[in-house]
Amino acid sequence: MIFGIPFDGTSSYRKGSSLAPNAVRQAYVNLESYDLYHGIDFTQVKICDLGDLFESEDVKEVVDSVRQIVTLIRSDGKVPIMMGGEHSITVGSIGCFKESTMIIIDAHSDFRDEYMGNPLNHACVTRRSLEILGSDRIFSVGTRSVSRDEFESEEFRKVRFFYSDEVSEKGIQWVIDEIEQRAGPSIYFSIDMDGIDPAFAPGVGTPEPFGLPDRDVRALLRHFAPRIEGFDILEFTPVHDNGNTSMLAAKLIQEFIGSRELSRHKAHSNR
Ligand code: MN
Ligand code: MN
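The following refers to the structure shown. Keep in mind the model is a prediction, meaning the values are calculated, not measured. (Residues numbered from 1 in each chain as written. Chains lettered and ligands numbered in written order. Predicted model: local features only at pLDDT ≥ 70, side-chain atom pairs only at ≥ 80, totals over all residues. Heavy atoms only, no water.)

### Overview of the coordination of the manganese ion (ligand 1)
Donor atoms from the polypeptide that bind the manganese ion (ligand 1) are His87 (ND1), Asp106 (OD), Asp110 (OD) and Asp192 (OD), placed at 2.1 to 2.2 Å. Here the donor residues for the manganese ion (ligand 1) map to a single chain with the spacing H-x18-D-x3-D-x81-D. Here the manganese ion (ligand 1) and the manganese ion (ligand 2) are spaced 3.3 Å apart, and both take Asp106 as a donor. Summarising the burial analysis for this pair, Asp106 and Asp110 share the class buried. (Donors = N, O, S within 2.8 Å, 3.2 Å for Na, K, Ca; no water. Buried < 20%, exposed > 50% of the residue type's maximum accessible area, 1.4 Å probe, protein only.)

### Topic: helix α1 (residues 20-28)
For α1, the complete set of buried residues consists of Ala20, Pro21, Ala23, Val24, Arg25 and Ala27. Tucked into the core, α1 has its buried residues touching β1 (2-5), β4 (49-52), β5 (81-84) and α9 (244-269). (Helix = DSSP H or I, 4+ residues; strand = E, 2+ residues; numbered from the N terminus. Contact = heavy atoms within 4.5 Å.)

### Quick look at the coordination of the manganese ion (ligand 2)
Distances from the manganese ion (ligand 2) to its protein donors, Asp106 (OD), His108 (ND1), Asp192 (OD), Asp194 (OD) and Asp194 (OD), fall within 2.2 to 2.5 Å. Mapping the donors of the manganese ion (ligand 2) onto the primary sequence gives the spacing D-x1-H-x83-D-x1-D.

### Considerations on unusual backbone geometry
Here the amide bond leading from Gly84 into Gly85 is cis, since omega sits at 10°, within 30 degrees of zero. Positioned with a positive phi, Met116 is a non-glycine residue whose angle comes to about 50°. Counting through the fold element by element, Met116 comes out in the loop between β6 (101-105) and α4 (125-133). At Glu235, a residue that is not glycine, the phi angle is positive and equals roughly 65°. Mapped onto the fold, Glu235 is located in the loop between β10 (228-234) and α9.

Encoded structure:
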């Protein structure tokens, strides 16, 4: 169940992520409907796009609405795929996944207690999520931008941050193994597009060099997809794109759906 939340009210640097959902849709229709890797024909898969669901300038209102929308989708037994918009909206969604493990792709720690006077700013998402999920339940991959205050806070140790340099030195399989040791059966997966290297994803609000290769993000997604019960993809801004970021976002959504479908088919044939 796909939906867009075109909200960029707390963006601090380059705006435009409110235009993202439609740019991703435009890219998506250019993808082949057959998935070579997973052997899935997407014309046979039940995918529903609800369109863009909520527009408001008030972040609290948006976060509350996201929580309500995701609650409805989950109570219907569906998997929500949310297209942002900026990262602040994840706080609404994660409120519906209190028992889950959270995996975040992000260049930034997003660990400020408040930013520009607002605790719901996109720079505070991981901190808010920690308050909802508790210690040792959040794994953030691709970190390379942290303030000293955030780094020195006691709370910072309660989230496992995999620094971008650490990932490139030890490899993505090592990251998967580390997360696998502690992850529960239900996973929420949040992709802030700036976690990926700007060479692959230039169209983001706050680009950071030396990021994750696109294939590393795909490897994580493929590995955990069978257990992912909620997914979002955010912080993409078409205004600064050369066309590659929208295509990558569309492809990651399709990868997620393909991986999940394959695992469903396997579960079915094993019965
Ligand atoms: Mn973020
Ligand atoms: Mn970020």
